[in-house]
Amino acid sequence: MAPDTGLAFLSYVVLWPVFMIVSSTFRWNLQDLRLSDQAIPGHFTWFHWIRVLASDTSYALFYHPVFHSICVGAATSLLSMVIGCGLAWLVTRTDMPLKRTITFLAVIPYLLPAWVLSQAWLMFFKNEKIGGVPGFIQSIFHISPPDWLSYGFVPIVLTLSLHDCVYFFLIVGAALSTINPQLEEAASLAGARRFTILRRIVLPVVLPSILSAVILVFTKALSSYGVPQLLGTPVDYQMIATMLYSSMRSRMTSEASVLSILLLLISVAAIAFYFRALGKRRSFVTVSGKSAGGSAQALGRWRNPAAVVVLLLMAAMAVLPLLVLLAQTFLLKEGAPIGPQNFTLHYWIGGSDPDINSGEPGILKNPIFLLALKNSLKIAGISSILAAAGGLLLGYVTVRSKRSWLGRLIDNVSFFPYLIPGISLSAMYITMFAKPVLYLPALYGTLSLLVLITVVKELPFTVKAGGAAIMQLGEELEEAAVVGGASWLTSFRRILLPLTRKSFVSLFLLVFIGAMKEMELIIILVTPRTETLTTLTFFYAERNYTQLMNVMLMIIIAIVLIVYALSVKLGKADLTQGIGGQ
């Protein structure tokens, strides 16, 4: 694959949308005629930037949401770090039993959409503020939870942290598993205390991994939409992503574009802070030719109690919400006593009943569900294959051309989508593909656009992972194929692809899981023809059709778990590999 081909593709799908959306913020458009008498569509203006940053509406439109977003991002990063790093240390550095079971339970939240936990939170802590059936706390104990516990900052941070702590667990756990225990044993023999060993030996080695996870969780929380929409809007706790979505729905597209750019700049500032915090030393040697043998730290009499506590905690985080949501799908009425009189299969296979959820039929009898299922499987399947193949191809270009400026430029541009929050990227793609461009037809309202944006959003991960897989293969294999008369495509298909099969399956799995639970990235791109399982689920959530929403969640989770199990069984692609004492 020629490097200039890869750069042309990346420039069109990554850099051009950014240019389009930036330029749109400096022009009047037709919608502005209702906001200003001076609007002349197509002419230059500062109106949108002034309206967002320095007008009477700036506080509600930008400053208030950005303050909330930064607070949520910082608090979520801190709490996720405490939970994830603590769990990673117990699993990788101690003699605690049941490590594989705990590791599997820790990964389950990653397989679920983040807002599933927020829905589970409402089932326990919902009060009468937004109407409907109250949560278990009020129903059982007749105590109304305060608003700060039911909605707003606290539940948003807690649910995002419970979901995102898995990133700290996987990333920091992988780094901890490479540290030679003999380093800690030598320090202990020299008289160093446990806290000193942690501060002087372990922390410097895993610091890059911790900072990487902090940036990942912070930027994800910053652009999160589903959780703030469910838990924040009832008390008008707006974040940038919810305000951006609200602006798009109010046809204030230029203001939404300004918010997208500002959200992008905040993410860039966070990345810059990350590299500054790392300084010049961005890598640490933890694997050498010396033996890595050594004993795990003994927990003594706390060994079994620690395992029980962690197991119960992980089960409460990963399994209990799912069981509660599943049980609720069989309840005819929320809050009514549980018994045969309240048991039903209506929400799974029932027909239309005007007295239940305004006549919405059971999920398996709903033609919209079949359309959403078909669309979701198409989007996830096609984008997974394209993203995995594209990641390997672009990874090949970046590795084999790493000494040229073109290779380094491709590497940097492919990382750019990581800086762009999902909802901002979708706003850019609406601007870019709403009408025909060059030889491309208008893609808005088609599955092709959803596949394309999914592939582009996953580029930072697939290209890096593809490059890492290619780096393990010597160039002499390709040279031998060329000498034997094979073309580059033949050598890639017959030699490189079979040798990187495991990496390909891992990339497929990661993208498929992400696509099946994706919502922020596609919610403003979806039309009635391109409805997906997640957007249909969120439609039920917004209308308080709890049982129907839970049925949808169970189906999404079942599909993800089945694909994950097949990938582990057939492709040997296990997300927990290397952690949990394996």
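Here is what the cut-offs are and how they apply
- Residues numbered from 1 in each chain as written.
- Predicted model: local features only at pLDDT ≥ 70, side-chain atom pairs only at ≥ 80, totals over all residues.
- Heavy atoms only, no water.
- Core = buried A, V, L, I, M, F, W, Y, C linked by side-chain atoms within 4.5 Å.
- Buried < 20%, exposed > 50% of the residue type's maximum accessible area, 1.4 Å probe, protein only.
- Helix = DSSP H or I, 4+ residues; strand = E, 2+ residues; numbered from the N terminus.
- Contact = heavy atoms within 4.5 Å.
- Disulfide = S-S within 2.5 Å.
- UniProt positions renumbered as here; feature names shortened; annotations may be inferred.

Colleague: Just to check I follow, could you spell out the nonpolar core for this structure?
Modeller: Inside soluble globular proteins, nonpolar side chains tend to come together where they are buried. If you look at the biggest cluster of nonpolar residues, it comprises 158 residues, and the most contacted ones within it are Met96 and Tyr429. With 13 residues, helix H26 (residues 546-571) is the single largest residue contributor to this core. Setting aside its immediate chain neighbours within four residues, Met96 contacts Leu90, Val91, Ile102, Leu299, Arg303, Ala306, Ala307 and Val310. Core analysis: the next-biggest nonpolar cluster, separate from the first, contains eight residues, Leu392, Val399, Phe492 and Leu496 among them.

Colleague: In this structure, what is going on with unusual backbone geometry? I would like to understand it.
Modeller: With glycine set apart, most residues show a phi of negative sign, and most peptide bonds adopt trans. The backbone phi angle of Asp236 is positive, close to 55°, even though this residue is not glycine. In this fold, Asp236 is placed in the loop between helix H11 (226-231) and helix H12 (240-249). The backbone of Ser358 sits at a positive phi, close to 55°, despite the residue not being glycine. Its place among the elements puts Ser358 in the loop between helix H16 (346-349) and helix H17 (367-400).

Colleague: Help me out: how do you make sense of the state of the cysteines in this one?
Modeller: When the sulfur atoms of two cysteines share a covalent bond, that bond is a disulfide. Counting across every chain of the model gives zero disulfides. Of all cysteine sulfurs, the one in Cys165 lies closest to Cys85, which takes part in no disulfide; the gap is 10 Å. Here Cys85 falls in the buried class, since its relative accessible area comes to 17%.

Colleague: Looking at this structure, how should I read the UniProt feature "domain: ABC transmembrane type-1" (unreviewed entry) in the protein?
Modeller: Cross-referencing UniProt, the feature "domain: ABC transmembrane type-1" (unreviewed entry) maps to residues 66-274 and 373-567 in the present numbering. Within the segment residues 66-274, helix and strand shares are 78% and 0% respectively, and the terminal C-alpha atoms sit 20 Å apart.

Colleague: I keep staring at the environment of Val413 and nothing clicks. Help me out?
Modeller: With respect to the element layout, Val413 can be found in helix H18 (residues 405-415). Taking the C-alpha atoms as reference, Val413 lies 9.6 Å from Leu459; in sequence the two are 46 residues apart. Filtering out sequence-adjacent residues up to four positions away, Val413 remains in contact with Leu10, Val14 and Leu15.

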